[in-house]
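# A closer look at the structure
If you want the building blocks of each chain, they are given just below.
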Amino acid sequence: MLTGNRFSGFKRSNYCGDFSAADCGKKVALCGWVQAYRNLGGILFIRLRDRSGIIQLHFGEKTDEKVFADATTLRAEDVIAITGTVALRAEKDINPDIPFGDIEIEVDTLRILSKSQTPPFDIVENSNVSEDLRLKYRYLDLRRPDMQYNIIMRHRITKITQDYYDKKGFLTIETPMMIKSTPEGARDYLVPSRVHPGKFYALAQSPQLYKQLLMLAGYDRYMQIARCFRDEDLRADRQPEFTQIDLEMSFVSMDEVLEINEGFIKYLFKNLLDIDIPTPFLRLTYKEAMDRFGSDKPDTRFGFELKDISSAVANSEFKVFSGVVASGGTVRAINAKGCAASLPRREIDGLADFVKTYRAKGLAWMKETDEGMTSSFAKFLSAEEIENIKKLTDFENGDVLFVVADANPMVVYNSLGALRCELAKRLDMIDKKQFNFLWVTEFPMFEYSETEDRLTAMHHPFTAPMDADIALLETEPQKVRADAYDMVLNGSELGGGSLRIYDAELQAKIFNILGFTDEEANERFGFLLNAFKYGVPPHGGMAFGLDRLVMLITGCDSLRGVIPFPKVQNASELMTECPSFVDDKQLAELSIAVSKNEEE
Ligand code: AMO
Ligand code: AMP
């Protein structure tokens, strides 16, 4: 039977989480979802939930008969509106373990606004149902208190962010999402144009060029909570659609950019969590980060720093080591200090398999306990070589040493960099309450791309080279360092940016090094090179990953925990099942012919 609006005339007075014992006697009107029900014959308890919390409703002797009868029909997730009186619970019903465990609402009236089917999973904290099922019914998943906490934290972080940058004189300015496709960076998501058959927009990977043009236009300080789109392979910390806190400033040095942005972190943590983050942050050059931690986003909550032992093994009989040194490679080690007892042989073998996923050819090890020394490689080395290794790595009884040798230093860095994190995880050495922020600076301008067989920009092509290295652009571009920086938190890249090129000639040179002819550069970035003819302020900026920031603050292990409607590994959304096929009519309007589809 069709009914009208069962809610009309009702006015909510409070949220469910608004109460304390001091409110006893107060008349209230509440709305929400039925969390649970307990029927004890003459007495019925319903737990009522809204986004603020849960309160107990009491239906008993004093309750009107019809209201009581209606209440017995309630099931989990039904939506109701009630009026009643706040009351102290009977002594025996007090639950000291939950919020408002000493009070309840004695119900006068009940309206059943919407019935729920039995949900596919319980709406409770720390649900252990599969994530796929949670994502298919995301609107139910989002009812769970831990998801609501994350989403509310996200709101508060966004709000505090906007406040901070507003105070610092940043203007919020929107930039277009449908922009010109430029083939640098990740793959673009394309949007076909109906009115220009055969032509496409790209969804913005970031507001980079527009924010630079805003500096050129004199807006001086810009910020935007910007949605970005990148057709990349997904990981736990990567979504195809994500949000940046995007910033740009004019007439600034790198120090000023870093200062204002570490000031943001300090302000955020103080206002959100009342945690004092010390500033200035530690600054590591890219080289130091790689040498000490094997990573350009080092986690400094634990030691296990890398040690170069190439000099000790350069002339060794053991060709696995000396051969690598001779070919220009490197041999490095991690000393797991005092961990001999916690690292049995089978654990060590497991770690050898682990580093192979980072292309290491092997993991040599050496372990000393009161029973003596065991090692996979010591027998191949002279006593003097072992002694030198011990000196270089501060190796003592009780330690385990891990060694990787490779002709390609990046393989050594990547595998030992990952190994130190894995060791810390397995040995439970990470303090989850610690927030270690740092900057990595002096990144290389370029990296060699094997797939494209050319240099590509390590950050992006608009990043300025360091003054000290300008001359190398002509001779050894791969040695040029950039005025680029990343902010790192506990081993995750939280944000990155750079000072920008503001000179047309230098910008054109960089495009050349990246392999564009003048014509290609003009075709793709002509508008920028043109703009550079009209008076450009020196400028620089950065972007934080908002999703990553919220993820790290809430302690989630995936971005999916802090994005209301995320995509999964294969870039689809399980609830609406997008992407989806479209009508032939739509395709025809866009002058698009599909040459292959997933179902074929
Ligand atoms: P960059 O590409 O380093 O720089 O991105 C800045 C930050 O955005 C976050 N991020 C992501 N988060 C979730 N999913 C993704 N797929 C993803 N990709 C990046 C990271 C990263 O540090 N325009 C420049 C910034 C600048 O130079 O000002 C840029 O986009 O936290
Ligand atoms: P092998 O001579 O192959 O038995 O190697 C002796 C030890 O050196 C084993 O523990 C191997 O895992 C290790 N090993 C082999 N290649 C490398 C390498 N490139 N780096 C570090 N250890 C290696």
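Below is a short write-up of the structure. Owing to the predicted nature of the structure, the values given are computational and were not obtained by experimental measurement.

### Notes on the site of ligand 2
Around ligand 2 sit Phe 318, Val 320, Lys 361, Gly 362, Leu 363, Ala 364, Ser 376, Phe 380, Val 403, Val 404 and Ala 405, and those are all the residues in its vicinity. At 3.4 Å from an oxygen atom of ligand 2 is found a main-chain nitrogen or oxygen belonging to Leu 363. At 3.2 Å, a backbone N or O of Ala 364 approaches a nitrogen atom of ligand 2. In the complex, the protein chains occlude 67% of the 490 Å² of accessible area that ligand 2 would expose alone. A per-class count over the shell around ligand 2 returns eight nonpolar, two polar and one charged.

### Thoughts on helix 15 (residues 518-531)
Helix length check: helix 15, at 14 residues, gives a terminal C-alpha distance of 16 Å against a target of 20 Å (1.5 Å per residue), a shortfall beyond 12%. Among all positions of helix 15, only Ala 521, Phe 525, Gly 526, Leu 528, Leu 529 and Ala 531 are buried. Among the structural elements, helix 5 (208-216) and helix 14 (504-513) are those in contact with the buried residues of helix 15.

### What about the packing of aromatic side chains?
Under the criterion given, the structure shown has 24 aromatic pairs. Measuring from ring centre to ring centre gives 5.1 Å for Tyr 165 and Phe 170, while their planes differ by 80 degrees; the resulting arrangement is edge-to-face. Side by side, Tyr 165 and Phe 170 carry an identical accessibility label, which is buried. For the pair Phe 269 and Phe 435, a centre-to-centre distance of 4.8 Å together with 75 degrees between the ring planes defines the contact as edge-to-face. Placement of the pair is Phe 269 in helix 6 (residues 254-273) and Phe 435 in the loop between helix 12 (409-426) and strand 18 (437-441), with a sequence separation of 166 residues. Relative accessible area serves as the criterion here: at 0%, Phe 269 is assigned to the buried category. The rings of Tyr 164, Tyr 165, Phe 170, Phe 264, Tyr 267 and Phe 544 are connected pair by pair, giving a single aromatic cluster.

### Some words on the site of ligand 1
Contacts to ligand 1 come from 24 residues, most closely from Gln 208, Lys 211, His 459, Glu 493 and Arg 500. Taking Gln 239, its main chain carries an N or O atom lying 3.0 Å from a nitrogen atom of ligand 1. A distance of 2.9 Å separates an oxygen atom of ligand 1 from a polar atom in the side chain of His 460. Starting from 630 Å² of accessible surface for ligand 1 in isolation, the protein chains cover 92%. Elements with a minimum of two residues in the shell around ligand 1: helix 5, strand 11 (241-250), strand 22 (492-499) and strand 23 (539-545). With five residues, strand 22 is the largest single contributor of residues to the shell around ligand 1. Each residue belonging to the shell around ligand 1 can be placed in one class, and the counts come to five nonpolar, 11 polar and eight charged.

### Remarks on the layout of surface pockets
Estimated volume of the second largest pocket: approximately 1200 Å³. Cys 578, Pro 579, Ser 580, Phe 581 and Val 582 are the residues nearest the centre of the second largest pocket, which is lined by 28 residues in total. When contributions to the lining of the second largest pocket are tallied by element, the ones reaching two or more residues are strand 8 (190-192), strand 9 (200-203) and helix 17 (584-589). A per-element tally of the lining of the second largest pocket places strand 8 first, with three residues. Considered class by class, the residues forming the lining of the second largest pocket number 17 nonpolar, five polar and six charged.

### Considering the environment of Ala 71
Along the chain, Ala 71 turns up in helix 1 (residues 65-71). In this structure, the C-alpha to C-alpha distance between Ala 71 and Ile 563, residues 492 residues apart in sequence, is 36 Å. Beyond its immediate chain neighbours, meaning those up to four positions away, Ala 71 contacts Leu 44, Ile 46, Phe 59 and Leu 110.

### As for the pairing of strand 5 (residues 103-114)
If a strand is regular, its side chains alternate between the two faces of the sheet. The pairing of strand 3 (residues 53-59) with strand 5 spans two bridges and is classified as parallel. From the neighbouring strand, His 58 faces strand 5, where its bridge partner is Glu 106. Sheet analysis places strand 4 (residues 79-88) next to strand 5, joined by 10 bridges and oriented antiparallel. Counterpart to Thr 85 in the pairing with strand 5 is Glu 106.

### Quick notes on the packing of helix 4 (residues 145-167) against helix 6
Where helix 4 meets helix 6, the axes come as close as 10 Å, and the angle between the chain directions of the two elements is 135 degrees. As judged from the angle between their axes, helix 4 and helix 6 are oblique. Helix 4 and helix 6 meet at a crossing whose hand is right-handed. Only Ile 260, Asn 261, Gly 263, Phe 264, Tyr 267, Leu 268, Asn 271, Leu 272 and Leu 273 of helix 6 make contact with helix 4, whose side of the interface consists of Met 153, Arg 156, Ile 157, Ile 160, Thr 161, Asp 163, Tyr 164, Tyr 165 and Lys 167. Considering only residue class, the contact of helix 4 with helix 6 consists of 11 nonpolar, four polar and three charged.

### A few points about unusual backbone geometry
The omega torsion of the bond from Thr 279 to Pro 280 falls at -10 degrees, within 30 degrees of zero and hence cis. One can find Pro 280 in the loop between helix 6 and strand 12 (282-285). A cis amide bond, omega 5 degrees, links Cys 578 with the succeeding residue Pro 579. Tracing the sequence through the fold places Pro 579 in the loop between helix 16 (546-554) and helix 17. Although it is not a glycine, Phe 304 adopts a positive phi angle of roughly 55 degrees. Tracing the sequence through the fold places Phe 304 in the loop between helix 7 (286-293) and strand 13 (306-308).

Parameters at a glance
Residues numbered from 1 in each chain as written. Chains lettered and ligands numbered in written order. Predicted model: local features only at pLDDT ≥ 70, side-chain atom pairs only at ≥ 80, totals over all residues. Heavy atoms only, no water. Near = heavy atom within 4 Å. Polar contact = N/O pair within 3.5 Å; in protein donor to acceptor, adjacent residues only side chain to side chain. Areas by Shrake-Rupley, 256 points an atom, 1.4 Å probe, with all protein chains shown as cover. Nonpolar A, V, L, I, M, F, W, Y, C, P; charged D, E, K, R; others polar. Helix = DSSP H or I, 4+ residues; strand = E, 2+ residues; numbered from the N terminus. Expected span 1.5 Å × (residues − 1). Buried < 20%, exposed > 50% of the residue type's maximum accessible area, 1.4 Å probe, protein only. Contact = heavy atoms within 4.5 Å. Phe/Tyr/Trp six-rings, centres within 6.5 Å; stacked < 30°, edge-to-face > 60°. 1 Å grid on protein atoms, 1.4 Å probe; cavity = no way out; pocket = protein on both sides within 12 Å on 5 of 7 lines; lining within 4 Å. Points joined across faces, edges and corners; volume = space filled by probe spheres on them. Pairing = 2+ DSSP bridges. Axes fitted to C-alpha atoms, helices over the stretch in contact; angles between N-to-C directions. Parallel < 35°, antiparallel > 145°, perpendicular 65-115°, else oblique. Left-handed = near helix turned anticlockwise from the far one by under 90°.

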